[in-house]
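Structural description and commentary
So you can see what is in the structure, the chains are spelled out below.
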2 protein chains.
Amino acid sequence: MQIRQLFDATSSTYSYLLWDNNTQQAALIDSVQEHVDRDSKLINELGLSLKYLLETHIHADHITGSGKLKKHHFSEVEIVIHKNSNSVCADILAEHGDTILLGDKTINMLHTPGHTNTDISYLIYGAVFTGDTLLIRGSGRTDFQSGNSETAYNSIINQLFTLHDDTIVYPGHDYNGFTVSSIGEEKILNPRLCKNKTSAEYIAIMDGMDLPKPKLIDQAVPSNMKCGL
Amino acid sequence: MQIRQLFDATSSTYSYLLWDNNTQQAALIDSVQEHVDRDSKLINELGLSLKYLLETHIHADHITGSGKLKKHHFSEVEIVIHKNSNSVCADILAEHGDTILLGDKTINMLHTPGHTNTDISYLIYGAVFTGDTLLIRGSGRTDFQSGNSETAYNSIINQLFTLHDDTIVYPGHDYNGFTVSSIGEEKILNPRLCKNKTSAEYIAIMDGMDLPKPKLIDQAVPSNMKCGL
């Protein structure tokens, strides 16, 4: 499996293009509407066959490119969003434990809610795409879109932190110039979770954050329910 | 060898932390002064022993963090810059063909001038850190600091493009959200170089660019001659 990390500087969002080297079947995780041209060009340049547009959740800070990519560039592609979204545009409303294939490579879907109630972490051998559930030295806020700090804690501790320590963590965002981490590294170094922090400690940390309302949320969430169209 | 890509959003500069898993010996390529605290913290968190601070060239768009990293954090580290720089702060004034070791892993230095006369590409098995000599779908400008379009063309064609097609290209910058490429991909898809472009065609492309003077050049170049101190 090949992985190509892509960045949107405006929202500090990472998108990821994955493909199977044998069949050239590809998936794009968390596309951004402003980069539909960039990403469709790259997919075509590399000779890939785009099978899936995967969303880690319904985003509040940017508008997905999935609708435009499907409508204008890749009509056969299937859009995957968690079933809790009740999305009207998803081709697959995914549940925990679902799998999809790129060639003979399996992508496993882990429902890891807490940032929202629609979070999916996508797991392939040796790598996990954690969306906003787990960030590098941080984690996604839990104060809107059915977010819940205790649920987020359980998703991280009982699902993500049970993966092999060497599993590469590809986050949905980074605001400090970091690109990747690993499960082992975050277990030891993530200040919100290290040193066996309890659920109560995590909830206190998350509740203590005084974060501004995301600028785009009122526009982005309803738009993303329709894949940005 | 482990590789960690780091980003400076202000100058769109990529820094790279490399380390040998067996000995934890590390090198940092193209540090940025504004991120000295971030990078020294990461190096310490990961339990690495920083042996080298490598510069791909004397930068005109940002100030290196090498001097501050050595002075305040890693007194034993050796700063590596090409000999053409006549840098007064380098511990090693490197030449084409020189090598350094991280544990038993060799880093080879290729003198790939043209963007400046001080360009080094750092080659480890399967990966090349090209600085500004080769960018993703682009290449570094050649209109200052002893830059020369014909020299740059020869560095790319006769050195970088003779590497194995699967060699991962880690550039010194990207302005479009791309993170990595490969030699094979750039041979086919880099618009300045693909389709067997001649030296004359490359020179015409580079001469035809109407680029503004880098904002920081008058400050950055003399500062970087002193490792930013």
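Rules of the game
Residues numbered from 1 in each chain as written. Chains lettered and ligands numbered in written order. Predicted model: local features only at pLDDT ≥ 70, side-chain atom pairs only at ≥ 80, totals over all residues. Heavy atoms only, no water. Helix = DSSP H or I, 4+ residues; strand = E, 2+ residues; numbered from the N terminus. Rg over C-alpha atoms; globule rule 2.2 N^0.38 Å. Buried < 20%, exposed > 50% of the residue type's maximum accessible area, 1.4 Å probe, protein only. Areas by Shrake-Rupley, 256 points an atom, 1.4 Å probe, with all protein chains shown as cover. Pairing = 2+ DSSP bridges. Right-handed = clockwise from strand over helix to strand, strands pointing away. Axes fitted to C-alpha atoms, helices over the stretch in contact; angles between N-to-C directions. Contact = heavy atoms within 4.5 Å. Phe/Tyr/Trp six-rings, centres within 6.5 Å; stacked < 30°, edge-to-face > 60°. Lys NZ or Arg CZ within 6 Å of the ring centre and 35° of its normal.

1. Focus: the overall build of chain A
The helix and strand inventory of chain A stands at 6 helices and 12 strands. Over its C-alpha atoms chain A spans a radius of gyration of 17 Å, differing by no more than 12% from the 17 Å that the globule rule assigns to 229 residues. When its C-alpha atoms are laid out on the principal axes, chain A stretches across 45 × 40 × 30 Å. The buried share of chain A, reckoned over its 229 residues, is 61%. Surface exposure of chain A reaches about 9,400 Å², of which carbon and sulfur atoms provide 49%.

2. Let's talk about the pairing of strand S3 (residues 25-29) of chain A
In summary, the side chains of a regular strand alternate between the two faces of the sheet. All names here are of chain A. Most of S3 sits out of view: 4 of its 5 residues are buried. Alignment of strand S2 (residues 13-19) against S3, held across 4 bridges, turns out to be antiparallel. Looking across to S3, one finds that Trp 19 is bridged to Ala 26. In this antiparallel pair of consecutive strands, S2 and S3, the connection spans 5 residues, and Gln 24 shows a positive phi of 65 degrees. As paired elements, S3 and strand S4 (residues 49-54) share 5 bridges and run parallel to each other. Bridge pairing links Gln 25 to Ser 49 in S4. Handedness of the S3-helix H1 (residues 36-45)-S4 crossover: right-handed.

3. What to know about the sheet that holds strand S6 (residues 92-94) of chain B
Residue and element names in this part refer to chain B. Here 6 strands make up an open sheet; going across it, the order is S1-S2-S3-S4-S5-S6 and the pairing mixed. The sheet is open, and its two edges are formed by strand S1 (2-8) and S6, each paired on a single side. The sheet shows a mean angle of 20 degrees between the axes of neighbouring strands, taken without regard to direction. The sheet contacts of helix H1 (residues 36-45) involve S1, strand S2 (13-19), strand S3 (25-29) and strand S4 (49-54), and relative to S1 the element is tilted by about 160 degrees.

4. Digging into the packing of aromatic side chains
If you walk through the whole model with that rule in mind, you get 13 aromatic pairs over all chains. Their ring planes at 40 degrees and their centres at 6.2 Å tell us that Tyr14(A) and Tyr16(A) sit as a pair that is tilted. Each member of the pair, Tyr14(A) as well as Tyr16(A), carries the same accessibility label: buried. Between Phe129(B) and Tyr170(B), the ring centres sit 4.9 Å apart and the planes meet at 10 degrees, which makes this aromatic pair stacked. Here Tyr170(B) lies in strand S11 (residues 168-171) and Phe129(B) lies in strand S10 (residues 127-131), a separation of 41 residues in the sequence. For the residue pair Phe129(B) and Tyr170(B), the accessibility class agrees, reading buried in each case. An aromatic cluster is defined as three or more aromatic residues linked by ring pairs; in this entry it consists of Phe7(A), Tyr14(A), Tyr16(A), Phe129(A), Tyr170(A), Phe7(B), Tyr14(B), Tyr16(B), Phe129(B) and Tyr170(B). One cation-aromatic arrangement involves Arg38(A) over Phe178(B); the distance from NZ or CZ to the ring centre is 5.9 Å.

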